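Examination of the molecular architecture
Now for the letters of each chain:
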Amino acid sequence: MSVYEAIQKRRSIRSYKNRPIEQEKLDRILEAARQAPSASNRQEWRFVIVRDEAVRHSLMAAAGNQGFVGEAPVVIACCAETDGHIMRCGQQSYPIDVAIAAEHIALAAAEEGLGTCWIGAFSEPEVKEILGIPASVRVVQLPTLGYAGAPPGPRLRKPLKEIACYDRWALG
Ligand SMILES: Cc1cc2nc3c(=O)[nH]c(=O)nc-3n(C[C@H](O)[C@H](O)[C@H](O)COP(=O)(O)O)c2cc1C
């Protein structure tokens, strides 16, 4: 599968089969996250891979009872052990770095025939409590991972001309 094919195939999957993920697939997906770029190669990301059903159900509750969070066989808490480094552009590096690693996870999962869904709607204090994550560590994303139970709806995107221009700002 080409990168372009993986990008097209990746969709937010909100329904999962009751089927475990093979460890080799999980290993390759986590290796894809490990290979992600990061600001000054800081690699602040940390991952808690949750397979335990009771823990996944607790995470579902912490994610506003989004049912598929409990249904997916794996939920990955994408965290950052960070000193709050700010880049010269004024942006904090850790959410960007963790987001890139999480997208590596999503694209590698697509290559492995697995679905994912980014979860940003969750209570960070509750997730930390459930997983025993230290106070100093931030939880950035909580993607679900598993075999898709139902296909996603149509892909809705703005046309390119509304989001990109050449040489100078020329967008509405
Ligand atoms: C940062 C971020 C947070 C998101 N949080 C949630 C979420 O909490 N629940 C959910 O169902 N989808 C969530 N999504 C998925 C988006 O709704 C989805 O990516 C968007 O509708 C486009 O659909 P697609 O991923 O199938 O292309 C999130 C996506 C991103 C990038």
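Scroll up for the structure.
Let me sum up the structure you'll find in this document.

What counts and how
Residues numbered from 1 in each chain as written. Predicted model: local features only at pLDDT ≥ 70, side-chain atom pairs only at ≥ 80, totals over all residues. Heavy atoms only, no water. Helix = DSSP H or I, 4+ residues; strand = E, 2+ residues; numbered from the N terminus. Rg over C-alpha atoms; globule rule 2.2 N^0.38 Å. Buried < 20%, exposed > 50% of the residue type's maximum accessible area, 1.4 Å probe, protein only. Contact = heavy atoms within 4.5 Å. Areas by Shrake-Rupley, 256 points an atom, 1.4 Å probe, with all protein chains shown as cover. Lys, Arg positive; Asp, Glu negative; His and termini not counted. Charge placed at Lys NZ, Arg CZ, Asp CG, Glu CD. Near = heavy atom within 4 Å. Polar contact = N/O pair within 3.5 Å; in protein donor to acceptor, adjacent residues only side chain to side chain. Nonpolar A, V, L, I, M, F, W, Y, C, P; charged D, E, K, R; others polar. 1 Å grid on protein atoms, 1.4 Å probe; cavity = no way out; pocket = protein on both sides within 12 Å on 5 of 7 lines; lining within 4 Å. Points joined across faces, edges and corners; volume = space filled by probe spheres on them. Phe/Tyr/Trp six-rings, centres within 6.5 Å; stacked < 30°, edge-to-face > 60°. Lys NZ or Arg CZ within 6 Å of the ring centre and 35° of its normal. Arc of directions from axis to C-beta. Pairing = 2+ DSSP bridges.

Before going further, it helps to spend a moment on the overall build of the protein. Within the protein, the regular secondary structure consists of seven helices and five strands. The C-alpha radius of gyration of the protein comes to 17 Å, within 12% of the 16 Å expected for a compact globule of 172 residues. With the C-alpha coordinates aligned to their principal axes, the bounding extent of the protein is approximately 50 × 40 × 30 Å. By residue count, 40% of the 172 residues in the protein fall in the buried class. A separation of at least 24 residues holds for 74% of the contacts in the protein among residues at least 6 apart in sequence. Accessible surface computed for the protein: about 10,100 Å², of which carbon and sulfur atoms make up 52%. Looking at the protein, you have 21 positive and 20 negative side-chain charges, and the mean spots of the two groups are 6 Å apart.

Ser12, Arg14, Gln66, Gly120 and Arg157 are the nearest of the 13 residues found near the ligand. Between the ligand and Arg14 there is a distance of 2.7 Å, counted from an oxygen atom to a side-chain nitrogen or oxygen. Taking Gln66, its side chain carries an N or O atom lying 2.7 Å from a nitrogen atom of the ligand. A total of 620 Å² of accessible area belongs to the ligand in isolation, and the protein chains cover 63% of it. Here the residues of the shell around the ligand are counted per class, giving five nonpolar, four polar and four charged.

A few words now on the layout of surface pockets. The volume enclosed by the largest pocket comes to roughly 180 Å³. Asn18, Arg19, Arg56, Glu71 and Pro73 are, among the 14 residues lining the largest pocket, the residues nearest its centre. Breaking the lining of the largest pocket down by element, the ones donating at least two residues are α3 (53-62) and α4 (67-71). Considering each element in turn, the lining of the largest pocket owes the most residues, three residues, to α3. When its residues are assigned to classes, the lining of the largest pocket shows five nonpolar, three polar and six charged.

Inspection of the entire model under this criterion finds zero aromatic pairs. Above the ring of Tyr147, the side-chain terminus of Arg19 is found at 3.6 Å from the ring centroid.

Moving on to α3. Turn by turn, an α-helix covers 3.6 residues, leaving residues three or four places apart pointing in a common direction. Among the residues of α3, those classed as buried are Arg56, Leu59, Met60 and Ala62. All buried residues of α3 project into a common sector of 160° when viewed along the axis, lining one side. Along its buried surface, α3 packs onto β1 (45-50), α4, β2 (74-81) and α6 (124-131). At the N-terminal boundary of α3, the capping side chain belongs to Asp52, with an oxygen 3.0 Å from the backbone nitrogen of Ala54. Gly64, located one to two residues past α3, shows a positive phi value of around 65°.

Moving on: the pairing of β2. A large share of β2 lies buried, amounting to seven of its eight residues. As paired elements, β1 and β2 share six bridges and run antiparallel to each other. The residue bridging Arg46 from the neighbouring strand is Cys79, located in β2. Relative to strand β5 (residues 144-146), β2 runs antiparallel, the two being bridged by two bridges. Paired with Val74 across the strands is Leu145, a residue of β5. The sheet contact formed by β2 and strand β4 (residues 137-141) spans four bridges and is antiparallel. Across the sheet, Cys79 pairs through a bridge with Val139, a residue of β4.

Everything listed is a geometric property; what it means functionally is a separate question.
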